[in-house]
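An overview of the molecular structure
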Amino acid sequence: MKKFILSTLALVAYAANAQNINSQAINEIFTGSNSYYLDASAAKKVKKTKAEGLYYTKPAGTYYSAARDVDEKTSEVLEYPYSYQAYLETRLVVPALASVKFQNRSNKAASTEWQWNVFNYESLKQYGYITPDNNLSLMLPNRRSTEEMYDSPILYVGDKTFLFGETNYSSYMVISPVMHYLGLNDYQVTHFYASMNDGSYMFGTGKVNVSATESYPCEGMAQFFDKPASPLYIDRFNIASLSKTDFFSANQKLTLTVYNAVVDESGNWAIGDKVLYTAQAGKDNVNYEQSKNGVSYGSIDFCNRNGSLKLIPVTIDQPFCVVITGFNQDGVDVGVRGCDLSKDEASDDVCSTCVLVNDKDNSKLRMLTNNTYKLSMALTFHAIFDNIMVLNEANADAAYNVVRVSDSGASHFTEGKTAAEGMYTVPVYTACPWKDSNNKANYYWDVNQDNSWVKGVSVDASEYENKGIYGLKFTCAPLPNDITGRTATIWLKGKGITASTPIILLQGNAALTGINGIENNTATLDNGRVYNLAGQQVGSDYKGIVLKNGKKCLKKY
């Protein structure tokens with residue numbers, strides 16, 4: 001069993017404020033009782049089952065979007081960390097090019113049916129499939145350079161239905177080519193609370209009750225997250241906050257640390273031993289929004305910047321835990337808003353926020369969770385999912401990532417294929433557009449060792465951009481007279497990620513032998529049938545990337 005890495009943590013308050021705040025000064029009051037907290041390892045995850053026993057949970061590693069709005073005068077896109085500030089849509093952000101699964105949690109899952117009306121009745125066959133245990137698996141492309149929205153899947157039996165965010169005006173799955181504030185909470189469903197019914201902070205500075213006679217100062221909070229559904233690029237974290245005074249004295253700060261997270265042999269979350277990211281926030285990091293009845297409302301940013309003030313990001317591709325500490329310091333009066341996750345059936349698999357307290361003799365830290373409600377702090381991160389898929393089909397119809405460069409260096413073509421079978425470009429799927437709205441590249445190439453004969457690359461989006469595919473054309477130097485052949489291995493990189501498959505350039509008499517790192521799909525679908533990337537059998541008229549005889553193929557128009 002992994003130990004909690006708590007010796008480096010400064011702690012937080014979860015349920016009660018040491019200073020009494022007039023509850024009438026706070027509009028959003030959680031009406032549940034200010035109940036007791038138990039050791040997190042002993043607490044059971046609160047499970048919510050609809051009366052009809054019909055619901056599903058959102059895919060692990062996906063997150064709800066914060067609000068985005070448009071200024072009517074300037075047409076500028078406005079973005080907020082918390083969606084209560086804008087329209088009543090539930091927006092679940094999912095990655096492109098990655099398989100995501102909606103888990104059917106119904107009492108009688110086998111008797112339920114899925115419906116997903118996106119473009120037409122055939123959409124489900126094209127982008128996903130239903131698993132043998134009646135879950136819904138999807139893999140969605142990003143076909144445009146703008147945000148792409150898909151209707152939420154509907155689970156039904158008879159005349160009863162369920163979809164995530166169903167109490168809202170509308171709900172969507174979103175694939176976004178721009179960074180968003182993302183989090184665990186759908187605030188339009190779970191609602192946004194600032195305090196408990198006794199007027200104390202829902203989270204933050206104050207005391208945590210463990211019994212009718214025993215309470216401890218809150219030192220910090222911890223929130224566990226599943227592995228992101230695709231590599232997650234984050235440049236800042238944010239908490240929705242409030243204060244009866246002025247949040248911080250001049251020099252005090254909160255500390256946010258991101259650790260890897262593990263599941264112990266008992267199935268409980270535990271903080272790992274690797275620090276992925278750390279940042280501090282103080283008086284200068286408070287974004288003030290309003291003051292009402294002596295209470296200030298705002299949010300607090302945690303981020304790191306280099307000498308030119310550019311944000312220093314982190315890319316996370318594993319389960320992780322965000323720990324915020326420092327609430328029990330003199331000069332710190334910070335409350336953190338939150339919600340009751342048990343009201344959101346689609347978040348049934350999400351863990352409650354845990355509170356950190358020192359034990360009676362201050363000898364160790366304890367991680368606690370509410371024994372009645374499934375409470376979560378209002379934590380978001382400014383992030384984007386990224387992914388790169390270099391198409392390759394080794395030992396099959398065509399390894400599109402391996403090309404033969406002409407001796408002049410002016411052109412290249414798929415190695416070993418005829419004009420009808422190969423391509424003059426290297427096809428690549430990307431989760432984001434190749435260039436952003438400022439014409440700055442989201443992706444770049446890296447040549448290993450001394451391959452200076454590869455001079456540049458151009459991006460051709462003319463044929464497959466509507467499917468999220470770009471064709472790469474490399475410009476190379478002519479083959480010197482004293483060299484018979486040469487090879488270059490090129491790795492595509494994005495926002496903190498590197499493609500799992502390289503691009504191999506061959507010139508002269510160079511041969512493809514002993515090159516490591518070429519991804520080979522070894523699926524056992526060797527019956528001659530054709531499948532899409534989600535594993536669903538498709539017809540002969542299907543266009544795009546398919547699996548045939550266990551290999552990837554690009555079926556061209």
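Small disclaimer: the values here were computed from a predicted structure and weren't measured. (Residues numbered from 1 in each chain as written. Predicted model: local features only at pLDDT ≥ 70, side-chain atom pairs only at ≥ 80, totals over all residues. Heavy atoms only, no water.)

**Quick notes on the packing of aromatic side chains**
A ring pair, where both rings are aromatic, is described by two values, the distance of the centres and the angle of the planes. This model, assessed by the stated rule, comprises 19 aromatic pairs. Both rings, one in Phe225 and one in Phe320, keep their centres 4.6 Å apart while their planes meet at 5°; by these two values the pair is stacked. Placement of the pair is Phe225 in strand E20 (residues 215-225) and Phe320 in strand E27 (residues 320-325), with a sequence separation of 95 residues. Phe320 carries the same exposure label as Phe225, and that label is buried. Three or more aromatic residues link up through ring pairs in this structure, and these residues are Tyr63, Phe225, Phe237, Tyr277, Phe320, Phe381 and Phe385. One residue, Lys58, lies across the ring of Tyr64, its end atom 5.6 Å from the ring centre. (Phe/Tyr/Trp six-rings, centres within 6.5 Å; stacked < 30°, edge-to-face > 60°. Helix = DSSP H or I, 4+ residues; strand = E, 2+ residues; numbered from the N terminus. Buried < 20%, exposed > 50% of the residue type's maximum accessible area, 1.4 Å probe, protein only. Lys NZ or Arg CZ within 6 Å of the ring centre and 35° of its normal.)

**Observations concerning the pairing of strand E13 (residues 154-157)**
Bridging between strand E9 (residues 113-115) and E13 involves 3 bridges; their strand directions are antiparallel. The residue of E13 that forms the bridge with Glu113 is Tyr156. (Pairing = 2+ DSSP bridges.)

**Focus: the side chain of Asp348**
Relative to the helices and strands, Asp348 is located in the loop between strand E29 (338-340) and strand E30 (354-358). Residue classification places Asp348 among the buried positions, given a relative accessible area of 2%. Separated by 2.6 Å, the side chains of Asp348 and Tyr55 make a polar contact. (Polar contact = N/O pair within 3.5 Å; in protein donor to acceptor, adjacent residues only side chain to side chain.)

**Some remarks on the state of the cysteines**
Evaluation of the coordinates by the stated rule reveals 0 disulfides. For Cys351, which is in no disulfide, the shortest distance to another cysteine sulfur is to Cys354 and amounts to 4.8 Å. (Disulfide = S-S within 2.5 Å.)

**A word on the sheet that holds strand E8 (residues 99-104)**
With antiparallel pairing, the 4 strands of this open sheet are ordered in space as E3-E8-E11-E10. The sheet terminates laterally at strand E3 (56-57) and strand E10 (128-130), the two strands that pair on one side only.

**Here's the deal with the pattern of salt bridges**
With the rule as written, the count across this model stands at 6 salt bridges. For the salt bridge of Glu415 with Arg404, the shortest nitrogen-to-oxygen distance reads 2.9 Å. With a gap of 11 residues between them, Glu415 in the loop between strand E36 (412-414) and strand E37 (426-430) and Arg404 in strand E35 (residues 402-405) connect regions that are remote in the sequence. Owing to a relative accessible area of 30%, Glu415 belongs among the partly exposed residues under this scheme. (Salt bridge = Lys/Arg side-chain N within 4 Å of Asp/Glu carboxyl O.)

**Side note on the confidence of the model for the protein chain**
A residue-level look at the protein chain finds 75% of positions with pLDDT of 70 or above and a mean pLDDT of 78. Taking the mean pLDDT of every element in the protein chain, the minimum, 47, falls on strand E5 (residues 68-70) and the maximum, 96, on E27. Every residue in residues 44-49 scores below 50 in pLDDT, and together they form 17 contacts with partners more than four places removed in sequence or on other chains. Taken together, the stretch residues 514-527 has pLDDT below 50 and engages in 33 contacts with residues farther than four places along the chain or on a different chain. (pLDDT = per-residue confidence, 0-100. Contact = heavy atoms within 4.5 Å.)

**A short note on the nonpolar core**
Counting 60 residues, the largest nonpolar core has Phe302, Ile324 and Phe381 as the members making the most contacts within it. Tallying contributions element by element places strand E21 (residues 232-248) first for this core, with 7 residues. In terms of nonpolar packing, the next biggest core, distinct from the first, is built from 56 residues, Phe162, Met423, Cys476 and Ile490 among them. (Core = buried A, V, L, I, M, F, W, Y, C linked by side-chain atoms within 4.5 Å.)

**Quick word on the pairing of strand E11 (residues 136-139)**
Burial along E11 is two-sided: the face carrying Leu136 and Leu138 and the face carrying Ser137 and Met139 are both buried. In terms of strand pairing, E8 meets E11 through 4 bridges, oriented antiparallel. Across the sheet, residue Ser99 finds its bridge partner in E11, namely Met139. The pairing of E10 with E11 spans 3 bridges and is antiparallel. Pairing of Ile130 across the sheet is with Leu136, part of E11. The turn joining E10 and E11, which pair antiparallel and follow one another in sequence, is formed by 5 residues; a positive phi near 65° is taken by Asn134.

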